[in-house]
Protein chains: 4
Amino acid sequence: MRTTIAFLGLGSMGLPMARNLARADFDVRVWNRTPGRSKDVPGARSAPTPAAACEGVAFALTMLANDPAVEGVVFGPDGILAALPRGACHIGMSTISTALCRRLSEAHAAAGHGFIAAPVFGRPEAAEGRQLWILPGGADADIARAAPIFAALGKGTFPMGTAPKATLAKLLGNFLIVATIESLGEALAVAEKAELDPAKLLELFTGTLFGSPVVQNYGQRVVDAVFEPAGFQLALGLKDVNLALRAAEEVGAPLPLGSLVRDRMLTTLAHGHARYDWSGFVSVIRDAAGLPPVRTGAAG
Amino acid sequence: MRTTIAFLGLGSMGLPMARNLARADFDVRVWNRTPGRSKDVPGARSAPTPAAACEGVAFALTMLANDPAVEGVVFGPDGILAALPRGACHIGMSTISTALCRRLSEAHAAAGHGFIAAPVFGRPEAAEGRQLWILPGGADADIARAAPIFAALGKGTFPMGTAPKATLAKLLGNFLIVATIESLGEALAVAEKAELDPAKLLELFTGTLFGSPVVQNYGQRVVDAVFEPAGFQLALGLKDVNLALRAAEEVGAPLPLGSLVRDRMLTTLAHGHARYDWSGFVSVIRDAAGLPPVRTGAAG
Amino acid sequence: MRTTIAFLGLGSMGLPMARNLARADFDVRVWNRTPGRSKDVPGARSAPTPAAACEGVAFALTMLANDPAVEGVVFGPDGILAALPRGACHIGMSTISTALCRRLSEAHAAAGHGFIAAPVFGRPEAAEGRQLWILPGGADADIARAAPIFAALGKGTFPMGTAPKATLAKLLGNFLIVATIESLGEALAVAEKAELDPAKLLELFTGTLFGSPVVQNYGQRVVDAVFEPAGFQLALGLKDVNLALRAAEEVGAPLPLGSLVRDRMLTTLAHGHARYDWSGFVSVIRDAAGLPPVRTGAAG
Amino acid sequence: MRTTIAFLGLGSMGLPMARNLARADFDVRVWNRTPGRSKDVPGARSAPTPAAACEGVAFALTMLANDPAVEGVVFGPDGILAALPRGACHIGMSTISTALCRRLSEAHAAAGHGFIAAPVFGRPEAAEGRQLWILPGGADADIARAAPIFAALGKGTFPMGTAPKATLAKLLGNFLIVATIESLGEALAVAEKAELDPAKLLELFTGTLFGSPVVQNYGQRVVDAVFEPAGFQLALGLKDVNLALRAAEEVGAPLPLGSLVRDRMLTTLAHGHARYDWSGFVSVIRDAAGLPPVRTGAAG
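This is a predicted model, so every value here is computed, not measured.

1. Regarding the overall build of chain A
Stage number 1. Within chain A, the regular secondary structure consists of 13 helices and nine strands.
Stage number 2. Each principal axis of the C-alpha distribution contributes one length, and for chain A these read about 65 × 45 × 35 Å.
Stage number 3. Sorting the 300 residues of chain A into buried and exposed places 60% on the buried side.
Stage number 4. Across chain A, the fraction of contacts at a sequence separation of at least 24, relative to all contacts at a separation of at least 6, is 66%.
Stage number 5. With an accessible surface of roughly 10,600 Å², chain A has 55% of that area assigned to carbon and sulfur atoms.
Stage number 6. Side chains of chain A give 27 positive and 26 negative charges; the mean places of these two sets differ by 5 Å.

Shown next as structure tokens:
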């Protein structure tokens with residue numbers, strides 16, 4: 001018998017993930033706040049509410065934009081907390097606050113459900129290609145049960161312990177990405193001012209000590225200095241940096257590099273660039289050095 | 001006929017480099033400020049002064065601690081500027097200021113010498129094993145002539161344009177290393193406070209998006225939180241960060257991440273840890289989060 | 001006929017303020033979460049709930065610790081929103097978020113009440129001695145009606161426009177206080193390291209360009225480097241800095257000096273000094289310079 | 001018999017100071033790098049070189065732009081070190097590095113001269129009106145001998161101990177000025193974004209806790225957001241902030257607020273505003289909040 005899954009949230013990440021589950025022969029029931037996207041998941045049935053999607057399922061997956069969206073879908077009217085069968089398991093794959101993650105763990109436990117936080121590294125293309133890295137946190141038995149689901153979605157799992165720890169790991173990973181962008185942004189701005197070719201400098205960096213996927217991908221963005229279209233929107237990036245700052249404050253730790261990036265992102269938004277990619281705060285670094293914020297003219 | 005090389009500066013980097021040149025069948029004449037280390041370079045002759053080492057050579061290599069040391073050896077009494085034959089070439093491999101690098105380029109040009117700045121990435125072990133990355137900057141013809149020397153010392157060269165640009169590239173590379181350490185230090189301190197295993201988190205980082213030599217090497221240092229013995233001393237690291245800040249100021253660019261690390265290094269020194277590795281400023285990050293500055297007791 | 005006032009919150013600030021109102025011949029009804037303090041306001045009647053305190057009053061004053069306390073007293077069961085007579089006016093004197101302030105303005109308007117935000121500058125001694133500075137924000141007519149109340153509590157009022165603007169002005173004032181402490185802390189730490197007498201330097205500062213109440217009061221704290229007992233607790237100071245950062249983010253402005261102080265406060269708390277005065281983050285500045293965090297031994 | 005004084009440096013500060021000395025019936029001999037300004041000091045004789053100005057004098061005063069200018073006038077050819085009579089005293093009133101100050105103390109002591117560092121607080125108008133604050137550092141006997149000179153130049157002296165301590169006190173005072181500007185700049189930018197009138201907020205600040213000369217003067221500049229013409233040029237301000245950072249580093253202390261302001265100043269210069277007043281880095285704070293960097297249109 002096929003495992004039944006409720007999939008809630010068909011955004012740019014959720015849609016390809018739901019498709020991969022349907023293709024992998026799971027019995028998928030989908031729900032999305034804005035209707036209509038359900039038809040883009042061949043083989044899945046559409047449900048009118050989160051609660052309706054959960055009838056009789058073994059798993060409910062959520063892939064939503066932020067804390068309020070998750071709160072609504074879980075605790076709101078027609079939410080999954082009340083609808084999920086006892087013994088079923090909620091797999092929360094959104095990037096949320098550690099505080100909400102703790103609340104979800106407790107509420108589901110009280111309701112006789114499992115709860116796994118399973119945030120991911122990877123953009124829509126990676127979701128499409130089943131190339132996500134998945135960071136599950138929760139009870140070992142639940143994670144073991146969910147293994148076939150993770151196998152259908154990504155290329156590897158890194159269990160992180162409890163659900164809040166998995167969420168924290170994801171937030172710190174995103175912090176590390178923006179910290180990398182900040183340091184590349186600062187270094188390449190100095191280089192460009194000194195007429196040292198930023199592309200050549202990046203080649204040195206990736207060819208010697210700094211060659212990692214994040215440096216390669218974002219380094220090219222920084223060299224090109226073109227921040228539209230966005231792979232991941234700046235406003236969402238700011239949300240994540242704020243979540244990392246708050247998670248750090250909860251455990252009594254400062255995160256000054258996070259504050260630095262947060263300020264740059266606020267300035268980028270204050271300059272009217274809400275549609276920039278989250279690496280677009282590099283425009284502020286460039287401007288601070290007296291360079292044009294973005295590179296224009298002939299293709300970079 | 002063998003190419004003759006004067007090698008000036010037999011410190012922890014210079015000594016293995018001079019040995020590799022001697023082994024590669026160059027005719028090497030060595031000089032060191034503190035005498036006695038010359039005997040550790042089998043096959044090389046020892047000279048009493050930098051000038052004496054330069055008689056009739058085709059190349060003079062310098063590998064010295066800082067600007068004043070280079071200034072002394074080049075411009076001082078018995079310095080190489082006056083002693084080097086016309087047409088010979090000075091290969092400066094020390095990490096120095098861009099200002100001194102410009103002064104060296106000009107002075108050697110005026111004296112009819114070539115000048116290549118050729119700073120390196122790599123610690124003493126890399127120097128020993130001919131695994132250095134070399135960043136030559138200068139006239140193309142000079143760099144071409146020096147190719148056999150670079151081949152005897154390292155595993156690859158990344159030409160950067162002019163000599164000051166090569167020096168700047170090296171300073172920005174060191175900046176990027178300490179920026180990486182800073183971001184890992186902040187992230188892992190939050191993790192440790194939250195009882196998320198730092199070693200497991202580092203494994204996630206290196207196994208997914210952040211796997212680069214610098215993250216692997218320094219990440220382990222940050223996890224271990226043990227900063228002695230030093231691979232590269234903190235005081236020298238502070239010198240390099242200050243050089244990067246000054247180079248950035250010369251071209252009118254701020255480098256706030258550099259200032260942040262500089263302040264942490266100053267505090268590490270103010271706490272009496274001059275013998276720490278340059279990654280030892282992580283002790284200050286840990287302390288700021290209320291963690292013990294270094295990990296003690298049973299092996300980490 | 002005497003004006004009737006409900007006074008909610010008899011903490012270290014509220015208690016002397018309620019007393020001053022009772023002395024000024026207002027008809028005061030008091031309520032406090034922890035009962036028993038009511039007897040310390042001679043001439044006032046005690047009420048069992050906020051709602052009960054509000055029966056038939058012309059004004060309700062709140063002086064509470066933070067957002068949740070105000071939310072509870074206003075919107076909670078037995079809260080004042082439902083109990084206050086139409087036409088009465090709520091004067092909120094607590095330092096709260098601009099978001100909550102907007103919510104209060106709207107809710108009271110909808111209920112047919114006036115609402116004035118009237119945060120204050122001044123510590124308990126100033127409250128005792130009717131020396132508070134009051135920053136009222138709200139409708140002009142309401143502020144005019146409240147003038148006798150303000151006259152009984154403080155030595156001057158600075159109308160700031162709307163209620164949220166008054167709240168913001170207070171948050172920015174507190175920001176300016178900690179910014180002043182930060183700058184004095186940094187300067188005096190350098191002086192002390194250089195064996196330049198910090199007391200003499202402070203005398204220079206106050207005697208020439210920098211002589212203001214805030215520099216005089218907190219400058220002495222910084223020189224003495226003794227942070228207990230607290231005049232205003234560090235945890236409350238951190239709350240206010242976070243409110244300022246959030247208010248700035250709402251309007252799209254960074255506040256890097258706020259982030260710097262916030263990080264120092266987090267470290268002070270991580271070091272276990274929750275009982276320090278809010279100026280106690282100077283201990284972290286001192287430690288960063290290699291000075292003992294607090295001055296000990298013979299009286300400073 | 002009148003005391004003879006050599007006055008070296010007739011810039012915007014030096015010129016009115018020399019005039020005040022001449023008016024006070026000192027026998028003044030003046031020298032300036034660019035000749036011609038000597039005629040603007042009625043009653044003074046002009047000398048062709050610093051050395052010539054020093055013949056037979058009791059005091060030599062220097063009021064010059066920076067370290068190199070002082071080094072040239074003291075140690076250069078025709079410098080005052082060789083020319084000053086034994087027993088005479090050099091009063092250095094320029095803002096210089098603590099390192100140069102120490103060098104001057106030692107060199108003059110070796111030459112049998114006194115040396116007082118006597119930097120000042122005050123702009124050209126204050127110099128004109130004998131309203132300078134003077135911070136003398138050096139031997140008590142020398143300072144006592146110089147008292148009539150200080151009386152002719154300023155309205156008060158604050159002896160700071162040794163010469164380097166006086167220099168440090170001045171640098172920390174300038175640091176405190178820019179720190180004050182930074183904090184006002186941040187606060188007023190948030191206010192302006194929130195449509196809270198910055199002028200009204202400044203009035204609150206100066207009328208309550210923050211009323212000091214520096215807040216009053218620079219607060220108005222920040223509200224006006226007009227940075228030309230300069231009272232004290234940005235490039236000189238940056239020089240002083242860098243000197244403060246270096247002096248702090250010498251004693252092993254970080255000065256993060258100094259680094260923050262330094263970066264803003266670098267950006268202001270990178271934007272082409274070398275002619276701005278040193279408070280002009282507020283334009284960068286404004287821009288970071290999405291406000292126009294300077295206020296334009298009708299007079300502020």
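Having put the structure on the table, let's press on.
2. Focus: the relation of the copies chain D and chain A
Stage number 1. Between chain D and chain A, the superposition needs a rotation of 180 degrees and an axial shift of 0.0 Å, giving an RMSD of 0.0 Å. Both copies are brought into coincidence by an operation consistent with a two-fold rotation axis. Among all C-alpha atoms of chain D, that of A288 of chain D lies closest to the rotation axis, at 4.8 Å.

3. Brief notes about the sheet that holds strand β6 (residues 114-117) of chain D
Residues and elements named next belong to chain D.
Stage number 1. Across the sheet, which stays open at both edges, the six strands sit in the order β3-β2-β1-β4-β5-β6 with parallel pairing between neighbours. Each edge of the open sheet is held by one strand with a lone partner, namely β3 (45-46) and β6.
Stage number 2. Inspection of the sheet shows strand β2 (residues 27-31) paired to β3 by two bridges, in the parallel sense. Counted as the bridge partner of V30 is S46 from β3.
Stage number 3. Packing against the sheet, helix α1 (residues 14-23) makes contact with β1 (4-8), β2 and β4 (59-62), and its axis sits at approximately 170 degrees to β1.
Stage number 4. Against the sheet, helix α5 (residues 98-110) contacts β5 (89-92) and β6, and its axis sits at roughly 160 degrees relative to β6.

4. Side note on the pattern of salt bridges
Stage number 1. Applying the stated rule across the entire model yields 64 salt bridges over all chains.
Stage number 2. With a shortest N-O distance of 3.0 Å, R45 of chain B and D27 of chain B are connected by a salt bridge. Of this pair, R45 of chain B sits in strand β3 (residues 45-46) while D27 of chain B is found in strand β2 (residues 27-31), placing the two residues 18 residues apart along the sequence.
Stage number 3. The class of R45 of chain B is partly exposed, set by a relative accessible area of 43%.
Stage number 4. Residue class for D27 of chain B comes out buried when judged on its relative accessible area of 15%.
Stage number 5. A salt bridge links R2 of chain C to D25 of chain C; the nearest nitrogen and oxygen atoms lie 3.4 Å apart.

Rules of the game
- Residues numbered from 1 in each chain as written.
- Chains lettered and ligands numbered in written order.
- Predicted model: local features only at pLDDT ≥ 70, side-chain atom pairs only at ≥ 80, totals over all residues.
- Heavy atoms only, no water.
- Helix = DSSP H or I, 4+ residues; strand = E, 2+ residues; numbered from the N terminus.
- Buried < 20%, exposed > 50% of the residue type's maximum accessible area, 1.4 Å probe, protein only.
- Contact = heavy atoms within 4.5 Å.
- Areas by Shrake-Rupley, 256 points an atom, 1.4 Å probe, with all protein chains shown as cover.
- Lys, Arg positive; Asp, Glu negative; His and termini not counted.
- Charge placed at Lys NZ, Arg CZ, Asp CG, Glu CD.
- Least-squares fit on C-alpha atoms with pLDDT ≥ 70 in both.
- Pairing = 2+ DSSP bridges.
- Axes fitted to C-alpha atoms, helices over the stretch in contact; angles between N-to-C directions.
- Salt bridge = Lys/Arg side-chain N within 4 Å of Asp/Glu carboxyl O.

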